[in-house]
Amino acid sequence: MPESGLDQLIETERRLADRLGAAAAAADEIVAAARRAAVEAAQRSEAELAAAADDLAARIATERDGEIAAIRRTAEREMARLQSLPDETITAVAESLLDQAITHGPEDEGR
């Protein structure tokens, strides 16, 4: 028996509903895959950022240690130089500083 126009319309609607359902399922899969990719990208970025932070911390520590060592060497040289000064020189410098402090007083600070 030939199909009526209504039967054809119902069949077409059924096929379109099936296609729409398949398209919705495919869209859901795409969205889920995109979310997984976004999470993975965020995790990679977080790991890269953590590695960069660790690298920066290590470089800063190395630089700091070098600066401290340089300051220590300078201080040791200066201490050795000061320890080699005769007592008379140290006394003369101390007296000069004391004289300046008494002569100028606290009111001259910052001038």
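Calculation rules
- Residues numbered from 1 in each chain as written.
- Predicted model: local features only at pLDDT ≥ 70, side-chain atom pairs only at ≥ 80, totals over all residues.
- Heavy atoms only, no water.
- Helix = DSSP H or I, 4+ residues; strand = E, 2+ residues; numbered from the N terminus.
- Rg over C-alpha atoms; globule rule 2.2 N^0.38 Å.
- Buried < 20%, exposed > 50% of the residue type's maximum accessible area, 1.4 Å probe, protein only.
- Areas by Shrake-Rupley, 256 points an atom, 1.4 Å probe, with all protein chains shown as cover.
- Lys, Arg positive; Asp, Glu negative; His and termini not counted.
- Charge placed at Lys NZ, Arg CZ, Asp CG, Glu CD.
- Patch = residues over 30% accessible without salt bridge, like charges linked within 9 Å, V, L, I, M, F, W, Y side chains within 5 Å.
- Salt bridge = Lys/Arg side-chain N within 4 Å of Asp/Glu carboxyl O.
- Expected span 1.5 Å × (residues − 1).

So, about the overall build of the protein chain. Of the regular secondary structure elements, the protein chain holds two helices and zero strands. At 42 Å, the protein chain has a C-alpha radius of gyration far larger than the 13 Å of a compact globule built from 111 residues. C-alpha atoms of the protein chain, sized along the principal axes, occupy 130 × 35 × 10 Å. Looking at the protein chain as a whole, 1% of its 111 residues are labelled buried. Accessible surface, the protein chain: about 9,800 Å² in total, of which carbon and sulfur atoms supply 60%. One way to put it: in the protein chain the 13 positive side-chain charges average out to a point 7 Å from where the 24 negative ones average out.

Before going further, it helps to examine the environment of L98. Along the polypeptide, L98 turns up in helix α2 (residues 87-104). On a C-alpha basis, the gap between L98 and I60 in space is 42 Å, while along the polypeptide they are 38 residues apart.

A cluster of nonpolar side chains, L6, L9 and I10, forms an exposed patch at the surface whose accessible area comes to about 320 Å². Tracing the sequence through the fold places L6 in helix α1 (residues 5-83). Residue L6 is classed as exposed on the basis of its relative accessible area, which comes to 56%.

Right, let's talk about the pattern of salt bridges for a bit. Inspection of the entire model under this criterion finds six salt bridges. Across the pair E11 and R15 runs a salt bridge, and its minimum N-O distance is 3.9 Å. Of this pair, E11 and R15 are both found in helix α1, four residues apart, which corresponds to roughly one turn of the helix. Owing to a relative accessible area of 27%, E11 belongs among the partly exposed residues under this scheme. Residue D55 is joined to R59 by a salt bridge in which the shortest nitrogen-to-oxygen separation is 3.2 Å.

With 18 residues, α2 should cover 26 Å at 1.5 Å per step; its first-to-last C-alpha distance of 26 Å lies within 8% of that length. G105 occupies a position one or two residues after α2 and carries a positive phi of about 65°.

This is a description of form; function is not addressed.
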